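Residue strings, one per chain:
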Amino acid sequence: MSRYGHKERGGSMRVIPRPVVPAGPLRDLKDLLYESYLAAGPPTLDEMAAALGDADAEDDMVKAAPSRDTIQRIIKQPVLPARQGDVVSLVAVLTRMAGGEAEPAAQRAASLWLDARLERPLGLSIGGLDPIDLEVHRAIEVEESQRLPGVPDLPTYVARPHDWVLGEVVHKAAQGESQLVMLVGGSSTGKTRACWEAVQLLPEDWRLWHPIDPERPGAALADLPQVGSRTVVWLNESHHYLFTADQAVGEQVAAGLRALLRDQARAPVLVLGTIWPEYRNSLMAEPKPGGPDPHAQARALLTGRELTVPAAFDETAMLDLSKKARRDPRLAYARDRAEQGHITQYLAGAPELLSRFEAAPPGAKAVVLAAMDARRAGHGLDLPHSFLGEACEGYFSDQEWDLLAENWLEEAFAYATRPVRGARGMLTRRRPRRGEPSSEGPLYRLADYLEQQGRQTRRTQRIPPSVWESALRHRVSGRTLAPFARSCGLLRVAFHLESQAAASGLGESARRAGDVLRKAGRLKEALPWYQKAADAGDAESALRAGQLLWQQECWGPALDSFRWAADMGLADLAKQRAWAMVHYAPHLRPQAWMGPQPEAGPSLSGTSTRSALRNPHAEKLDNLLAQGQTEAALTLARTLGVDLPPIFRRGAASLIKQGFIDEAIKWYALAFDAGDAGAAWRVGRLLREQGHDDEAIEWYQRGAYAGDRTALQRVAYLMRERGRLDEAVEWARKSADTGDEHAIRLAADLLRLQDKEHEADRLLAYGWELDGTIADSWGPWSAEDER
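Because the structure is a prediction, the values reported are computed rather than measured. (Residues numbered from 1 in each chain as written. Predicted model: local features only at pLDDT ≥ 70, side-chain atom pairs only at ≥ 80, totals over all residues. Heavy atoms only, no water.)

**Section: the nonpolar core**
Selection criterion: The set of buried Ala, Val, Leu, Ile, Met, Phe, Trp, Tyr and Cys residues whose side-chain atoms join them within 4.5 Å is what this entry labels a nonpolar core. Exposure is judged per residue with a 1.4 Å probe applied to protein chains only, and the accessible area is read against the type maximum: over 50% gives exposed, under 20% gives buried, and values in between give partly exposed. To qualify as a helix, a DSSP run of H or I must reach at least 4 residues; to qualify as a strand, a run of E must reach at least 2; elements of each kind are numbered from the N terminus. Contacts: residue pairs with any heavy atoms within 4.5 Å of one another.
Ranked by internal contacts, the top residues of the largest apolar core, which has 132 residues, are Phe387 and Trp468. Element by element, the count of residues in this core is highest for helix H18 (residues 362–376), at nine residues. Beyond its immediate sequence surroundings of up to four residues, Trp468 is in contact with Ala377, Ile463, Leu481, Phe484, Ala485, Leu490, Val493, Leu497 and Leu770. One finds Ile16, Ile71, Ile74 and Ile75 within the second-largest nonpolar core, a separate group that totals 29 residues.

**Focus: empty space enclosed by the protein**
What counts is decided by this rule: Definitions used for this entry: grid spacing 1 Å over protein atoms alone; cavity, a set of points where a 1.4 Å probe fits but cannot get out; pocket, an open set with protein on both sides within 12 Å along at least 5 of 7 lines; lining residue, one with an atom within 4 Å of a point. Grid points are joined across faces, edges and corners, and a volume is the space filled by probe spheres set on the points. When residue character is reported, Ala, Val, Leu, Ile, Met, Phe, Trp, Tyr, Cys and Pro are called nonpolar, Asp, Glu, Lys and Arg charged, and the others, Gly included, polar.
The final tally for this structure, using the stated rule, is three cavities of 30 Å³ or more. A volume near 110 Å³ is recorded for the second largest cavity. Lining of the second largest cavity is provided by 14 residues; of these, Arg462, Ile463, Trp468, Leu490 and Asp737 occupy positions nearest its centre. Considering only residue class, the lining of the second largest cavity consists of nine nonpolar, one polar and four charged.

**A closer look at the layout of surface pockets**
A volume near 1,100 Å³ is recorded for the second largest pocket. In terms of lining residues, the second largest pocket is bounded by 39 residues, among which Leu26, Pro78, Pro121, Gly228 and Ser229 are the most central. The set of elements that each furnish at least two residues to the lining of the second largest pocket consists of helix H1 (25–39) and helix H5 (102–118). The greatest single-element share of the lining of the second largest pocket, amounting to three residues, is contributed by H5. A class-by-class count of the residues in the lining of the second largest pocket yields 19 nonpolar, eight polar and 12 charged.

**What about the packing of aromatic side chains?**
Rules: Each Phe, Tyr or Trp ring (for Trp, its six-membered ring) is paired with any other whose centre lies within 6.5 Å, and the angle between the two planes then decides the class: stacked below 30 degrees, edge-to-face above 60, tilted in between. To sit over a ring, a charge needs its Lys NZ or Arg CZ within 6 Å of the ring centre and within 35 degrees of the ring normal.
All chains considered together, the criterion is met by 15 aromatic pairs. When the ring of Trp401 is compared with that of Trp408, the centres are 5.9 Å apart and the planes differ by 70°; the resulting orientation is edge-to-face. Given the relative accessible area of 14%, Trp408 is considered buried. An angle of 65° between the planes, with centres 5.8 Å apart, marks the rings of Trp550 and Tyr584 as edge-to-face. Placement of Trp550 in helix H28 (residues 539–551) and of Tyr584 in helix H30 (residues 571–584) is noted, with a sequence separation of 34 residues between them. Connected via pairs of aromatic rings, a cluster forms that spans Phe495, Trp529, Tyr766 and Trp778. The cationic tip of Arg337 hangs over the ring face of Tyr333; the distance from NZ or CZ to the ring centre is 3.6 Å.

In structure tokens:
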């Protein structure tokens, strides 16, 4: 007997396994085929082939006679059969073998086949893709490449060690195992090009999906459930998907990707992402014990799936490049001019961009600086012309402003958008494609190399008031700019940006407007904003409204808010808060919706795991440093082209362990000279431990001016210890300018040490004004503010 209770015919028979297919018309068709197959016996392949072959020529239901191998593929494989007639004929024959009515079954099979055929899978065939559309950088042009025939758009590729690891990941995906790899590296280090080259290794029947419309995280959330088998999910610049202004959105994307990777019905899929180190570090940071964990899903997604892309070519790669440069003059051009092996950056036009920026006339430089600061403050990729035109006014000296020509803004944009050796200029005009939302005016994108430069070199620079004023007047990116404004202590600006966004129907912005007021201690003013957000369907806001009502001992409304949050999807948290309130106020009685008292769950904080895809040279360098061979490690690092600042820091740490403090200070100084602004406060710390406070202050200040936020905080603390409280307050405000959300409380504490209680309270409640003074009382956005 067979496993289905039917007598086996012709000896032993292997039952065809059921295919695993994602939900949709194709799965409905495959389910119909397989259930018809089981109901018919199941018959052998020979029996099915014979029944199809013996059908009457006049039989309207059976017009095809597929072979036994084709029959097996139709039933077994999770793909759409090529011919509708084969499917219809097979279903009709199987239905008759089971004693059923063939005509309705055949009609259903025909309908399902057509639905599956018409269903448009996500993405495009990998064979017809343009790498430029996938955000691979255009390369610089040189005269030789323009003259030589057959030179491709992209320079000849030079593989490096990370490409070998990436190739192994792609091979596993091609073999049927879903994979994700996140390439980590700075701007223009070759991350996106490496992903493009890896995609070329896949079979031609794979597709690629790049979620960008209407905006990246929203597109990913909307269509992730529809990703099918043999699809590449292309997440270039993954911080747009995972490190979002609304942290909940990024976590939802990460959770969706984790579910996709686990879903065998949709395997195999290949998720390729790229990310800058600073965003990667924020996502992977371990939460404090008992504290919130805003990136738990993203950290779980990326752990063990990171692959570092070095900034520089090592010696082996340089030799390979020299060979290929004989046929591609762009490689020769970069080889002869790039410094310290930074080939990809040179090919992408990065040095030319920087040179053009440094030599820019005042108008163009002001526009680009405004774009840099807007992006580091959280503005979206697309920067409106009207916003930049007003935001840039704060970057001129009085003399520069007076000497501007009448058409200075037009000239500024013309200079900033001019291509660099055929590659994109400092700013690029973005033209919406057909079907994309139109804008009221031109939109521009900042070159990502300049964006990264801005984040590094300007992170301790105060954003001029004109940027915030322009953002408020033009109502741009309020929900993304507001969190940075709040971290800077610009509470009025943050609240008004959030309230503007909330007026556009964004419930989470109403919640964040309430957050600004709640964290400033203005609880009664915060409550209506939480209730407004809850009315718009924001469950977290209902939870926070309940908490505020509890604090005001409004017991009934508090329980109503908790129940509201539970009904909107936060049942566990809402029940925990409600039970906690019942215990706090014994006169309250549990309500039926609260259910049994919940038990305390385990801690959500995890332990960090080292990436399984490490730089292949890291272990050798670590071993040398552990043995105290710092000079040998430095020599190896220079030979391999590895970024030097981390090696200097490791060498200094090794020297400290051995007690060689003066030598360690020299190594940290080398790291600082090599571009590591964070090395300055480490030098300052060692000098302080030796009692050299004045030298320590000098190093802290050097670090602060080089862009290190930690150094700013340490200057403030050191000034406080020395009794220079006014200077300490000013350094705390400078630290706040970088987005240090703790600086405002430090400044308030310093004011209290000077018996300035009223000013301290006012600072915490209303923040700083744009001119750096402590704000007076302010309320909602008004028509007067528009002016």
